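As a plain string of letters, each chain reads:
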Amino acid sequence: MARKSGRPPRIFRKLHLRLTLFCTIICGAILALMTLLCLAFSEMESRESHYADFQINVNMLISHFENQSVISHSWLSQIQADTQFQMDILDNGNRLAYRRLNPLHLEESTFALVRQTARETYAIIEESFSRDSRLSIHAEFEFPYQGENYYASAILIPKDSGVLNIALLYPLTGLYQTIRLRRLQFAAADITGILLLWSFFWVFTWRMIRPLIASQQKQAEFIASASHELRSPLTVMLSCLSAMKHASPEEAAGFSQTIAQEGKRMGRLIEDMLTLSSTDSLHITLQKEPVELDTLLLSAYEKFQPLAREKGISLNILLPDQWVPPCLCDKGRMEQVLSILLDNALSYTPAGGSIRLSLQAASDKITLRVADSGAGIPDSEKKAIFGRFYRCDKSHEDKSHFGLGLCIAWEFIHMHKGKLWVEDTPGGGATFVAVIGGLL
């Protein structure tokens, strides 16, 4: 039975949510990992670039001091503004009292600690620096102090009057602000990417699940319809068995005949259901071979001619005048398709009507037509008739048809990579058209 609600079953809603969550987590984790790698390389390059710039500026500063005998306050102001260096300069132990060299107002003990670190770690010792030396010595290193990070340099420059001892600090505030801003940008990009991934996978997984929902619903409808169809002959059989206990021998014989008829009817239904089940599970394989379809049509015509004559229906066949090449197909399945279409036409064509069986070959395709002069099929039901347990005429009294034949025929034609549809017969009635390829 069809579901009354448009919502999918709860199990599929859970599956949809879990698939979306799983795909988003996996892709989000990959995205985050790639982001962290890119961010790590970017930060490493930024640090190396900052440190290289710091060393270049230090070397420029040393070169200027080496070549100048007079230290200009204006030049010091300019170099401080350009490099953001915080400097402490001692000339033969005398501090250059120029506050603009230290805009952050760092304490003298901070610069003393820089000189001490350079002394202990890099052997930058003023006492061992001879006045006869002509080369400057210096060391650059990272210098964390009171929760702040700096690049530091300790410099000894020989002068005629003695030694110029310079300690300088370069605050890394700008570098860390740039790194934090970049991290925020990457985090925002990742969050946006994960939201987009969630949206994409929400739609994508739903499209993947939707055929499963449709298949499950069709399966439920198939089981419900099959149960209903099986219940009818079973009820008749049980009723006849119950009545036979108190019936006369003549009546019992009639009941036995009814039971046999209903048993055969149930057997045909079960066989049709097993055929459809095999096509659904892809257990049916086509045994293709060269088949002369005009001969196949003649065999079908001869098989159904007696039944058509018995019902007072005119059965005709129309074959092409020219030779029809063999077609590579499954002979047994094509015979079954023709039997279904002809049996369907005989069931819905009244006495005095006509059925025409025809074949046409063109290019590498072959077209089969079974046209009847019955009541026809409304346009609104032309696609639905190939569904399972569907009957166009609900009041039809022929109990041998369960609404599975056309569905089986459609499946077999589809397995041949062909098409099967129905169209109106000129003058009234329905024409079933099957087109398959494979002409040799």
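Residues numbered from 1 in each chain as written. Predicted model: local features only at pLDDT ≥ 70, side-chain atom pairs only at ≥ 80, totals over all residues. Heavy atoms only, no water.

(A) Looking closely at the overall build of the chain. Across its full length, the chain carries 8 helices and 12 strands. With 440 residues in all, the chain has 38% of them scored as buried. For the chain, contacts bridging at least 24 residues in sequence account for 67% of all contacts bridging at least 6. Here the chain displays about 25,800 Å² of accessible surface, and carbon together with sulfur accounts for 57% of that area. (Helix = DSSP H or I, 4+ residues; strand = E, 2+ residues; numbered from the N terminus. Buried < 20%, exposed > 50% of the residue type's maximum accessible area, 1.4 Å probe, protein only. Contact = heavy atoms within 4.5 Å. Areas by Shrake-Rupley, 256 points an atom, 1.4 Å probe, with all protein chains shown as cover.)

(B) A look at the sheet that holds strand E1 (residues 86-91). With antiparallel pairing, the 5 strands of this open sheet are ordered in space as E2-E1-E5-E4-E3. Two strands bound the open sheet, and with one partner strand each, they are strand E2 (94-95) and strand E3 (137-145). Where E1 and strand E5 (residues 162-171) come together, 6 bridges link them in antiparallel fashion. Residue pairing for E5: Asp91 is matched across the bridge by Leu164. Packed onto the sheet, helix H1 (residues 10-67) meets E1, E3, strand E4 (148-159) and E5 and runs at close to 25° relative to E4. (Pairing = 2+ DSSP bridges. Axes fitted to C-alpha atoms, helices over the stretch in contact; angles between N-to-C directions.)

(C) How the structure looks around the packing of helix H7 (residues 331-348) against helix H8 (residues 405-415). Look at H7 against H8: their axes get within 9 Å of each other, and the N-to-C directions meet at 145°. Where H7 crosses over H8, the two elements pack in a sense that is left-handed. Taken together, the residues of H8 that come into contact with H7 (itself represented by Arg333, Met334, Gln336, Val337, Ile340, Leu341 and Asn344) are Gly405, Leu406, Ile408, Ala409, Phe412 and Ile413. Split by residue class, the contact of H7 with H8 holds 9 nonpolar, 3 polar and 1 charged. (Left-handed = near helix turned anticlockwise from the far one by under 90°. Nonpolar A, V, L, I, M, F, W, Y, C, P; charged D, E, K, R; others polar.)

(D) Spatial organisation of helix H6 (residues 293-310). Taking 1.5 Å of rise per residue, 18 residues should cover 26 Å, and H6 covers 26 Å from first to last C-alpha, within 8% of that figure. At Phe304, H6 shows its largest bend, some 40°, and a proline, Pro306, comes one to four positions later. When we look at burial in H6, the residues that qualify are Leu293, Asp294, Leu296, Leu297, Ala300, Phe304, Gln305 and Ala308. (Expected span 1.5 Å × (residues − 1). Bend = angle between axes of the 7 residues up to and from the residue.)

(E) Geometry of the sheet that holds strand E10 (residues 365-372). With mixed pairing, the 5 strands of this open sheet are ordered in space as E7-E9-E10-E12-E11. The open sheet is flanked by strand E7 (314-318) and strand E11 (419-424), the only strands paired with a single partner. Across the sheet, the axes of successive neighbouring strands diverge by a mean angle of 15°, strand direction being ignored. As judged from the 5 bridges shared by E7 and strand E9 (residues 354-362), these two strands associate in the parallel manner. Its bridge partner lying in E9, Asn316 is registered against Arg356.

(F) The arrangement of the packing of aromatic side chains in detail. Scanning all chains against the criterion turns up 14 aromatic pairs. Arranged with centres 5.6 Å apart and planes meeting at 80°, the rings of Phe65 and Trp75 form a pair that is edge-to-face. Here the residue Phe65 occupies a position in helix H1, and Trp75 occupies one in helix H2 (residues 73-83), the gap between them amounting to 10 residues. A relative accessible area of 21% means that Trp75 is categorised as partly exposed. Aromatic side chains Phe386 and Phe432 sit 6.2 Å apart centroid to centroid with 85° between the ring planes, which places their arrangement in the edge-to-face category. Here Phe432 lies in strand E12 (residues 430-437) and Phe386 lies in the loop between E10 and H8, a separation of 46 residues in the sequence. Given the relative accessible area of 12%, Phe386 is considered buried. Using a relative accessible area of 2% as the deciding quantity, one classes Phe432 as buried. Taken together, the ring pairs in this structure connect Tyr51, Phe54, Phe85, Tyr151 and Tyr170 into an aromatic cluster. (Phe/Tyr/Trp six-rings, centres within 6.5 Å; stacked < 30°, edge-to-face > 60°.)

(G) Representation of the nonpolar core within the structure. Among the nonpolar cores identified, the biggest contains 42 residues, and Leu293, Leu342, Ile355, Ile366, Phe432 and Ile436 are the most heavily contacted of them. When contributions to this core are tallied by element, the ones reaching two or more residues are H6, strand E8 (327-330), H7, E9, E10, H8, E11 and E12. The leading source of residues in this core is H7, at 8 residues. Those residues in contact with Leu293, other than ones at most four positions away along the chain, are Cys327, Cys329, Leu359, Ile366 and Ile436. Membership of the second largest hydrophobic core comes to 21 residues, among which are Leu61, Ile89, Tyr151 and Tyr170. (Core = buried A, V, L, I, M, F, W, Y, C linked by side-chain atoms within 4.5 Å.)

(H) Geometry of the packing of H1 against H2. H2 packs onto H1 with a crossing angle of 170° between their chain directions and a minimal axis gap of 12 Å. If you check the angle between H1 and H2, you find them roughly antiparallel. Contacts between H1 and H2 involve Asn57, Leu61, His64 and Phe65 on the former and, on the latter, Trp75, Leu76, Ile79 and Thr83. Its residues assigned to classes, the contact of H1 with H2 shows 5 nonpolar, 3 polar and no charged. (Parallel < 35°, antiparallel > 145°, perpendicular 65-115°, else oblique.)

(I) Representation of the pattern of salt bridges in the model. As enumerated under the stated definition, the model contains 6 salt bridges in all. A salt bridge links Lys382 to Asp379; the shortest N-O distance between them is 2.6 Å. A relative accessible area of 63% means that Asp379 is categorised as exposed. The shortest N-O distance in the salt bridge between Lys382 and Asp424 comes to 2.9 Å. Within this pair, whereas Lys382 is found in the loop between E10 and H8, its partner Asp424 is found in strand E11, the two being separated by 42 residues in sequence. Residue Asp424 is classed as partly exposed on the basis of its relative accessible area of 47%. Salt bridges here are not isolated pairs; linked through shared partners, they connect Asp88, Arg95, Glu108 and Arg115. (Salt bridge = Lys/Arg side-chain N within 4 Å of Asp/Glu carboxyl O.)

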